[in-house]
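# Examination of the molecular architecture
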Amino acid sequence: MAGVLRALLSASEKAANIARVCRQEGALFQLLIQEKTGADKNKKFTQDFKTLADVIIQEVVRHDVGKQFPELLHAIHGEESNTFENRLGGRVEVQVCSVETDTAALLCSVLDGNEEAAGLLAQTIHQEIELRDPAAERLELAIPTSSMGIWIDPIDSTNQYIKGRGDVDPEKGLYPSGLQSALVLIGVYDRASGEPIMGVINQPFNQCDPGSLRYSGTPSPTNCTVCSEH
Ligand SMILES: [Mg+2]
């Protein structure tokens, strides 16, 4: 059981890396924020880019978890479809290719030829990440992987992610808005009953380093209460 949760933790951290790289690397950040000032073409394109970040994250989680657990692949769903159409006429099925350069070329075709942005994304997508958590390693559930379904919300609070305010104070330990309220959510449920089994909440922008102004996150495995009844 720990294997599935370990795969989800690692996938959520890669998702968080993609969310962070879009805000912290100039070539991608420009695409996120240009909307207000850019020309008409840019306005349309940057609107598309926000959706693309969501689509990529969902597809990466699906790919990484499905690679380790092929029996889950057809049961991994989420808020986005992987067919991405931009309003400049580009249409592509977003997928993780077997080599980084192919993924970059695929993304470049919907990033209006922006090779730098496509390369940065492909590099992050193809990075090997393994995250382990002692509590997750100890988890034991008598539920076969083949009866699980997975639901992904690639970036919950996308608008807050785009606005990117880092000065919101928490209320009772929770951020009501701002960059810190953006979360990668991956839930596991029982395919037959729909009951929740377990999940991972990853907060990509948990802490900001005052020197570099770069963020790091804290993923936490979350056992739903239902889980203890199995
Ligand atoms: Mg969302």
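The model shown is predicted, which means the values in this text are computed figures rather than measured ones.

### A short note on the coordination of the magnesium ion
For the magnesium ion, the full set of protein donor atoms is Glu79 (OE), Asp153 (OD) and Ile155 (O), and the range of their distances to it is 2.4 to 2.7 Å. Considered as a linear motif, the donors of the magnesium ion on their single chain read E-x73-D-x1-I. Taken together, the residues Glu79 in the loop between strand 1 (76–78) and strand 2 (83–85) and Ile155 in strand 4 (residues 148–156) connect sequence positions 76 residues apart. Judged by relative accessible area, Glu79 falls into the partly exposed class, the value being 49%.

### Some details on the packing of aromatic side chains
By the definition in use, this model includes two aromatic pairs. Seen from their ring centres, Tyr161 and Phe205 are 5.9 Å apart, and the 40 degrees between their planes marks the pair as tilted. Here Tyr161 is found in helix 7 (residues 158–163), whereas its partner Phe205 is found in strand 6 (residues 196–208), with 44 residues between them in sequence. Taken as a pair, Tyr161 and Phe205 share a single burial class, namely buried. When the ring of Phe205 is compared with that of Tyr215, the centres are 5.4 Å apart and the planes differ by 80 degrees; the resulting orientation is edge-to-face. Residue Phe205 is found in strand 6, and its partner Tyr215 is found in strand 7 (residues 215–223); the two are separated by 10 residues along the sequence. Assessed through its relative accessible area of 0%, Phe205 is described here as buried. A residue is classified by how much of its surface remains accessible, and Tyr215, at 15% relative accessible area, is buried.

### Considering the pattern of salt bridges
Using the criterion set out here, one finds eight salt bridges in the structure. Lys14 is the salt-bridge partner of Asp64, the closest N and O atoms lying 2.9 Å from each other. Linking Asp64 in helix 3 (residues 40–68) with Lys14 in helix 1 (residues 2–24), this pair joins segments that are 50 residues apart in sequence. We note that Asp64, like Lys14, is buried.

Rules behind the numbers
Residues numbered from 1 in each chain as written. Predicted model: local features only at pLDDT ≥ 70, side-chain atom pairs only at ≥ 80, totals over all residues. Heavy atoms only, no water. Donors = N, O, S within 2.8 Å, 3.2 Å for Na, K, Ca; no water. Helix = DSSP H or I, 4+ residues; strand = E, 2+ residues; numbered from the N terminus. Buried < 20%, exposed > 50% of the residue type's maximum accessible area, 1.4 Å probe, protein only. Phe/Tyr/Trp six-rings, centres within 6.5 Å; stacked < 30°, edge-to-face > 60°. Salt bridge = Lys/Arg side-chain N within 4 Å of Asp/Glu carboxyl O.

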